[in-house]
Structures are given as structure tokens and as C-alpha cells.
Amino acid sequence: MSIRIDLLPKKKYILPGNSACAGCGMMIGWKILGMALGEDAVISIPASCAAVVQGLGPKSGINMPILNVPFASAASVATGISEAFKQLGVKGHSVVWAGDGGTADIGFAAVSAAAERNSDVLYIMYDNEAYMNTGIQRSSETPKGAWTTTTPTGKKESKKDIALILLAHDVPYVATANIAYPQDFYRKIKRASEIRGFKFIHLFAPCPPGWLFDPSLTVEVARKAVETGAFILWEYDHGEFKFNPPSSALVDKSRRKPLIEYLKLQGRYAHLTEEQIKQMEEEIDRKWQFLLRFAQATRRTQ
Amino acid sequence: MRALTTTKTALTGNYAVAHAVKMARPHVISAYPITPQTTIVEKLSEFIAKGELKASFINVESEFSALAVVYGAAMAGARAFTATSSHGLFYMYEMLWWAAASRAPIVMAVVTRTLGPPWNIHDEHNDILAIRDSGWAVAMASTVQEAFDLTVQAFRLAESAYVPVAVGLDGFVLSHTVETIELPPQEVVDKFLPPRNPDLPLRLRPGEPITMGNIPSDDRIHAEHLKNIYRAHQEAKRAIYSMDVEYGKLTGREYGGMVEKYELDGAKFAVVCMGAWCGDAKEAVRALRREGVPIGLMRLRFVRPFPDEEVEALAGLDRVVVFDRDITPAGGILGREVASVLGRDKVTNVLAGLAGVDFKAEDFRKAIKHAIEREYRDWIVAL
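Scoring rules and cut-offs
- Residues numbered from 1 in each chain as written.
- Chains lettered and ligands numbered in written order.
- Predicted model: local features only at pLDDT ≥ 70, side-chain atom pairs only at ≥ 80, totals over all residues.
- Heavy atoms only, no water.
- Pairing = 2+ DSSP bridges.
- Helix = DSSP H or I, 4+ residues; strand = E, 2+ residues; numbered from the N terminus.
- Axes fitted to C-alpha atoms, helices over the stretch in contact; angles between N-to-C directions.
- Parallel < 35°, antiparallel > 145°, perpendicular 65-115°, else oblique.
- Left-handed = near helix turned anticlockwise from the far one by under 90°.
- Contact = heavy atoms within 4.5 Å.
- Nonpolar A, V, L, I, M, F, W, Y, C, P; charged D, E, K, R; others polar.
- Buried < 20%, exposed > 50% of the residue type's maximum accessible area, 1.4 Å probe, protein only.

1. Some points on the sheet that holds strand β1 (residues 41–45) of chain A
Then step 1. If you walk across this open sheet you meet the nine strands as β8(A)-β7(A)-β5(A)-β6(A)-β4(A)-β3(A)-β1(A)-β2(A)-β9(B), and the pairing is mixed. Each end of this open sheet is capped by a strand with a single partner; those strands are β8 (240–243) of chain A together with β9 (211–212) of chain B.
Then step 2. Judged from the three bridges that link them, β1 of chain A and strand β2 (residues 66–68) of chain A form a sheet pairing that is parallel. Its bridge partner being in β2 of chain A, Ile 43 of chain A is matched across the sheet by Ile 66 of chain A.

Quick look at the structure:
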């Protein structure tokens, strides 16, 4: 399915008066969510950047129904909303819009449980790779080597692959997405909304103040993450795993841009040595090899 | 018109609550097991499996999520129920406040149990009393029949005052004890408890933009909101009285509203307590009356809203003995609540039945005598 940007819905769901930072990657993603689900979504938002960028109540800078909820509760609250709609005969999508901390750390038990129950929820984790709302503290989604205020010499541990963990829950749909590829994200939201049950989308969303780059570079940083292979676009739909373009062409390692092109745009990696960058490239390749074998294995069993 | 049949049956407190929830026709129930609450959600799952109740039954991974699920359901317009106890209630703590400040009309049974360490599953009231300032209405049943009646009434209270309601019942003492109870006909419950209006207090619907719980532009908006919760509790008092009368007309059971008064006419002394052991306390009052002691009893049915006016009516008495099945480093919770109305000189506070230790009618009698004869002015811990 190809989607032309000029044919996407024109109605705006992100309004002037919201309080997001300049160049916020998450807001670009939210705009696409509005285009895809506009009139159908009811959104649960845990403590996060998304909880504070809505603008000041009783007004709102987001033209969608939103329930703000405690940090660890979003997947469970969204389950309650979807079950209520089912019982009351209301048509719509219960959507979670949560950050990486609220999903992969404090909210993980609830997310895992909602997946195990196969609750009818579309869970979108926008990943800015740290606790940005409280001022750039590391999360389990912070990549190894990255500076944060609680990892001043660079994070020692690897990034948790939350999408693969959710896939292992045997849910119908899991995908990764990136704000630099709006048509791909739009298509994935649309596809997920056709499916009953638990759907998970991991959305890569760079953060200018947290990653230390100029706000004008958000889309470029996001695109470089894909082009260098640091972030991989894939989709798992009812047992079928596949890479999505442009990542599908990057299975061939020689077609990936050097990782340094992605890292050098960001201040959070400025302290890395050449040796550390080489290690990061090796880890990225290991991830590719794993996903490739996984893709081949799922193909064989079909 | 055909005659409506009241069913006389024998049930445990937990099964009585489950029957009440079934007859309240909820949309969403969330379940996590914790002793001694477990049989409530087990029974409800059975009702649903047998097709006797049409509702979503959501198994969750923790009590925190149990409350989060019914919170989401209630905010989306559903009638929703869950149940918990002790450590489970404390694991919900953040959600308790969020639900109350959202004015979510949730009903939750709290089967009271002591807190560890050491691990102990027996009865105590510290758990339910610890939530008294969260914005929930907090009730406490004294019999299996009242556990049923209070649960039905809790839905109406929650959906008229827009405060979540916790219905307490003593762990094992009520939850696992079989008593004969009367189940009203479904038609009577339906008349008392019409279907929930899914549009109130706020309507969360696709295509209808509304933002709930985002940062206020002025802290005064938030402060005003908190004041409204206080007001809602004052209104809830009136609702509790009118509900009690109406329920009494339909079922023949009226409890007195916020408090039950027993032998208080002409009394010079009064006992104040809550929960199942009020039965033992009444027994002690009867024995003391036979001995010529002019004494009565006031049983608190609700501690939130607190029955200030009702307790104030005891001001003319010589001494008020408050029994707490809880302990804090500052004394008993109810003792301090009652003393806040009557003054500390008037109140003797007895802390007993802690950690599930049995406290019988004769123990009550001795403790009361001690309190009124020696004019004991300190706080007593009676094991």
C-alpha cells in the first residue's frame, strides 16, 4: 500500500497552543496518529512528555479525547476503556500513547499483561530513549553509550528490545516505525486499527534537548538512524515477520551508511571513542543477523 | 402483577458481595486474587462463565492494574467493580487517589486484613482505614446481609455523588462465615439501582475531544476541584440517608443511614465501633444493661464521609468508649476521629483485636467496665 502525503487527511489534531519543545519528534508522530485515527481514537496517556505538551487545562492543544493516567497504569486503563466501549456498544479505538519509560520500565508489567490477555488496545510507544519529561534520565530504552543526566559517562547497558519482547507475547500485530517515514507509520496505524486484540507499535522519536542536537535536525536524525541501521523498520502481522523499506534493502550491510553519520549529529554521543563506535556497529550488525534469522525462520514455518 | 420472591439462602460474606454485584448488572469487573478477598472474584467469574451475568471479566497482573482497569471502564461510562484486601489495597495506593480525584464512580469491596510483616491473613482494620483521606467513601458492614445490602447501595451512592465507594467486610469473620441472608428479587434491585448514565460525570467518547487530567492553567482550578470533592462527601451523607430509607421500603431493611444506634436512649455511656465485632459489642452492652449500667452503642456504617453530627450527639454523655481494630503510632484511628468531635477528655480509646486476635463479647464487657468505672483517660491496648 503506497500513501501519498498530499492525500493524507487535512484536519489538524495538533493545535497551536500546545507546549511541546521546538522540533519535538513525538509531536510529529502524534500528528500522524491524528491523521490515521482522528475521529476514532480515545487516548490514554501516562506521565510523560505527552502528558505535559497538551497545553494548559481546561484548554487543550490536542483535538482528541484524552485521559491522563498514572505512570504505570496506561495499558490497564486502556483495557478498561475498550471493555467499557464493548459493553456499551461504542465504536472506537482505545489507544495508548506512552513514552519508553512508561512502557518498557515502570509500565511494563501492565503492558505485558494487556498483551497476554490480548486486550483490544493499540499501544504506541514513542521512543525518545530516556526520561525526557523529567530532564533526560536513562531508561531501559536508552542505547548503550548514550549520555544522560544519570549516565554521565554513557550508559553501560544495552537497549531493551521492547518490540521483540511484545512479539514474544503472541499478539496479532507488532511493528516498529520512525517519524522520518510518516507514510509507513500511517499505514501501520491503519493496519493495526483493522485488527481486534493487542497491537504494539514502537515509534522512534528523536528529542532535540535530550539528544543534544539542533531542533531543525529532528527528521534528519530520525532518518539517519534508519539509514545507518541503528533503528530497523519491521512488521509482524499474524505470524509473518518482514522488514519494511528502506530497512528491507539494508539487510545487505554494505548498503548501510556508516554509523558515525548518525552519531555525529548528536551531542549525547560526543564522548565516544572510535573503539566504542566500532563496538556499537558490531552490536547493530548482531541485531540485524538475529532479525534476519528470525525472519527466515518464521517464513519456513508458514 | 406476579408476586416478587425474596430468596432466603445461606451465603458467606464474599458470596453475598458477589451476588450483590451480579444483581447490580456491572459492565466490567477486574480480578486479582488476594486472601481473603479471592472468593468474591472467583464467584463472579463463575456467574459470567455460566451466562448468569453479562460483563467483561478482566484478569490482571496486579491490584494496581485491577483498579486501573475499572478506572478506565468507569471513565468511559461503564459500571465497574473490583475487590481487594490488605497489601493489595496498598499496592493500589496511587490509583486510589487518581480515581477519587477523577470522580470515577467505582465500587470496590475491601475484605479487611492485617498488614505484614509477619505475613498474616487475619482480620484488622488498618488497611481500609488507611484510605479514608483519599476521597473514597468508606463503608463497613457488620453482617453478611449488610455486606450484600451495602454493595448494592454503594453503586447508587457512587453514581449519584460521583465518589468511588469502598465497601468493607471483616476478613474471615464475615468473608468466610456463612449466614442466612435474604436476596431481594432482581426487579427490586433494578428499581433501586437504575442503569448507569454513561455520560456522567464526563463523557469519554471517540470523536469528542476532551482532555481530562492535564496540567491546569491555574492552580486555583485544581484547588477548586479538591474543594468539590469535599462538598461531594457532604452531599453523599444526605444521599446515604435517603438511600437507606428507600432501600428499607423496598426490602424491609433499614440501617439508620450513616450510623446504627443501639440502646442509646437514656444512656450515660456509649460504645463506638465499626464492623462485624459490633455484634459482640452489642452483646456486651446488653450484659451491662442487665447489670444496670446505662449504656448504648453507636455503630459507624461509614467513616468517609465521617458522621460528625451523629457523633456530636454523644456530647452530653459521661464517657464514650471507642474500639479500634487498628493501631497507629499515635493511637487508634477511630478514637482520634471521634475525639476530634467530642474532645479527648470524653473519649477512652480501646485498641483490640489486632492482627486477628479474637475479642469476644466478654472481652468487650470487661474493657468497657474498666473504661467507665476507672475513668481511664489514657489509650488502652487490649490484646
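2. Structural notes on the packing of helix α3 (residues 74–88) of chain A against helix α3 (residues 63–75) of chain B
Then step 1. In contact at an axis separation of 6 Å, α3 of chain A and α3 of chain B are set at 40° when each is read in the N-to-C sense. With respect to α3 of chain B, the axis of α3 of chain A lies oblique. Handedness of the α3 of chain A/α3 of chain B crossing: right-handed. Across the interface between the two elements, Ser 76, Val 77, Thr 79, Gly 80, Ile 81 and Ala 84 of chain A of α3 of chain A pack against Ser 65, Ala 68, Val 69, Tyr 71, Gly 72 and Ala 73 of chain B of α3 of chain B.
Then step 2. A per-class count over the contact of α3 of chain A with α3 of chain B returns seven nonpolar, five polar and no charged.

3. Quick look at the pairing of strand β5 (residues 107–112) of chain B
Residue and element names in this part refer to chain B.
Then step 1. With respect to burial, β5 is a largely interior element, six of its six residues being buried.
Then step 2. Of the two faces of β5, the one carrying Val 107, Ala 109 and Val 111 and the one carrying Met 108, Val 110 and Thr 112 are both buried.
Then step 3. Both strand β4 (residues 80–84) and β5 contribute to a ladder of four bridges, which runs parallel. Bridge pairing in β5 links Phe 81 to Val 107.
Then step 4. Here six bridges tie β5 to strand β7 (residues 165–170), and the two strands are oriented parallel to one another. Bridged to Val 110 within β7 is Gly 168.

4. Focus: the sheet that holds strand β2 (residues 28–31) of chain B
Residues and elements named next belong to chain B.
Then step 1. The strand order across the open sheet built from seven strands is β3-β2-β4-β5-β7-β6-β13, with neighbouring strands paired in mixed fashion. Bordering the open sheet on either side are β3 (56–59) and β13 (302–304), each of which pairs with just one other strand. Averaged over all neighbouring strand pairs, the angle between strand axes comes to 20°, with direction disregarded.
Then step 2. Those strands touched by α3 are β2, β3, β4 and β5, and its axis lies near 165° from that of β4.

Honestly, it's all geometry; don't read function into it.
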